[in-house]
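Listed here are the chains, written in short residue letters.
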Amino acid sequence: MPNHSFRIQILGPTKKKERKYENDLIFVPEGESYIKIVNEVEMENYLGGVIESEGGGGRHIEYYKVQAVLSRTYALRNLMKHKKEGFNLCDRVHCQAYHKMLTYTPSIDESVKATKAVVMIDQNFKLVNGFFFANCGGQTSESDFVWNKAVPYCRSVKDTFCINTRQTHWTKKIKKTAWDKYLINHFGYPINDSIYGPLMYSFKQKQRMAFYQIPQLGIPLRDLRVHFKLKSTWFDVYLEGEYVVLKGHGFGHGVGLCQEGAMNMAKCNYSYDKIMRFYFTNVYLINYYKWQYYKQAIDELSTF
């Protein structure tokens, strides 16, 4: 029901932090031991909870508008993602983090209302996947560097708005033996090669790359990031005693919108639509219901 909210707290077998949700809750018994709880929530209320969960408080309203459009577009594009389980979207990062109803940040509600029904589409008139991450370190990544698939509206861009923020730079030391073992055993690194052998511990990226050293060696930087739990794929490498030192830039997969960069753009009085067009290539903002109308007309014409 509108203007109603519910509090939920799990007491056993272990106590969980209380959560509060708006609109309706549906309880579905599953077997003899479990109950599935589904929050049947209006889109604008859902978005408020998502934006506060994903972006936190204290941000500029233009940044919240960016998150509102991205989160709305994602939700509408993926409404059937959990259809088999009896609901639309989960509350984890698998879909979008949705920890509770909007509680602490009134400007988030303002941003959702100010962008009501606005979504982002690509040149093919399709709803986009508005990928985002914490910090690009000064340059976003080409999508195929990360997922082996080119996303036309997610092209690499130089970004000076995030380079002085807290997650721009990082350093990690890895035992030389662990580095050797992974590169040799998993990728057959040519340690005895006269050229590439000495370069095993020497690597520089002036801009984002997809592979360690050269593509022909077949060592994706994304694999190094996952295995060694690195903050990003953008890093230089050098040897220091018994350790391989990685000096890196950014935090996250690097594709799409840089959150810390977008936050600073908002502080510099860039409007939310300009921020989105800076990070995404050849995209358009449109009212969702107009998009549905035009899409239906296009689909009907294509049948003739």
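Here's what I pulled together on the structure shown here. (Residues numbered from 1 in each chain as written. Predicted model: local features only at pLDDT ≥ 70, side-chain atom pairs only at ≥ 80, totals over all residues. Heavy atoms only, no water.)

Further remarks concern the pattern of salt bridges. One pass over the structure, following the stated rule, counts 13 salt bridges. A salt bridge links Arg7 to Glu18, with the shortest nitrogen-to-oxygen separation between them at 2.7 Å. Remark: Glu18 occurs in the loop between β1 (5-8) and β2 (19-22) and Arg7 occurs in strand β1; sequence separation between them is 11 residues. Residue Glu18 is classed as partly exposed on the basis of its relative accessible area, which comes to 36%. Of the charged contacts, one joins Asp91 and Arg19 as a salt bridge, the two residues approaching to 3.1 Å between their closest N and O atoms. A residue pair is termed long-range when its members are at least 10 positions apart, and Asp91 in the loop between α2 (61-77) and α3 (106-114) and Arg19 in strand β2 qualify at 72 residues. Judged by its relative accessible area of 27%, Asp91 is partly exposed. (Salt bridge = Lys/Arg side-chain N within 4 Å of Asp/Glu carboxyl O. Helix = DSSP H or I, 4+ residues; strand = E, 2+ residues; numbered from the N terminus. Buried < 20%, exposed > 50% of the residue type's maximum accessible area, 1.4 Å probe, protein only.)

Our next topic: the pairing of strand β9 (residues 243-249). For β9, a buried count of five out of seven residues is recorded, marking the element as mostly surrounded by other parts of the structure. Here seven bridges tie strand β7 (residues 169-175) to β9, and the two strands are oriented antiparallel to one another. Residue pairing for β9: Lys173 is matched across the bridge by Val245. Here strand β8 (residues 235-240) runs beside β9; their pairing, made up of six bridges, is antiparallel. Within β9, the residue paired with Leu239 across the bridge is Val244. The loop that links β8 with its antiparallel partner β9 comprises two residues; one of these, Gly241, has a positive phi angle of about 65°. (Pairing = 2+ DSSP bridges.)

Overall, antiparallel pairing links the three strands, which are arranged β7-β9-β8 in an open sheet. Single-partner strands in this sheet number two, and they are β7 and β8. Averaged over neighbouring strand pairs, the angle between their axes works out to 20° when direction is ignored. Along the sheet, helix α5 (residues 176-187) makes contact with β7, β8 and β9, crossing β7 at roughly 85°. (Axes fitted to C-alpha atoms, helices over the stretch in contact; angles between N-to-C directions. Contact = heavy atoms within 4.5 Å.)

On to the nonpolar core. Grouped together as the largest cluster of nonpolar side chains are 47 residues, with contacts concentrated most on Met120, Leu257, Ile275, Tyr279 and Phe280. Of all the secondary-structure elements, those providing two or more residues to this core are α1 (43-55), α2, α3, β5 (118-121), β10 (257-258), α7 (259-267) and α8 (272-279). Broken down by element, the residue count for this core peaks at eight residues, all from α2. Here Leu257 is in contact with Val66, Leu70, Phe131, Phe132, Phe133, Ala262, Ile275, Tyr279 and Phe280, once residues within four sequence places are set aside. In terms of nonpolar packing, the next biggest core, distinct from the first, is built from 21 residues, Ile174, Leu217, Leu230 and Phe235 among them. (Core = buried A, V, L, I, M, F, W, Y, C linked by side-chain atoms within 4.5 Å.)

Turning our eyes to something else, we now look at empty space enclosed by the protein. Taken as a whole and assessed by the stated rule, the structure comprises one cavity of 30 Å³ or more. Approximately 30 Å³ is the volume attributed to the largest cavity. For the lining of the largest cavity, the elements supplying multiple residues, two or more each, are α4 (143-147) and α6 (221-227). For the lining of the largest cavity, the per-class residue count stands at five nonpolar, two polar and one charged. (1 Å grid on protein atoms, 1.4 Å probe; cavity = no way out; pocket = protein on both sides within 12 Å on 5 of 7 lines; lining within 4 Å. Points joined across faces, edges and corners; volume = space filled by probe spheres on them. Nonpolar A, V, L, I, M, F, W, Y, C, P; charged D, E, K, R; others polar.)

Packing of α2 against α3 brings their axes to within 8 Å, and their N-to-C directions diverge by 55°. In this view, α2 runs oblique relative to α3, as classed from their interaxial angle. The hand of the α2/α3 crossing is right-handed. Along its contact with α2, which presents Ile61, Tyr64, Lys65, Ala68 and Arg72, the element α3 presents Ser107, Ile108, Glu110, Ser111, Val112 and Ala114. By residue class, the composition of the contact of α2 with α3 is six nonpolar, two polar and three charged. (Parallel < 35°, antiparallel > 145°, perpendicular 65-115°, else oblique. Left-handed = near helix turned anticlockwise from the far one by under 90°.)

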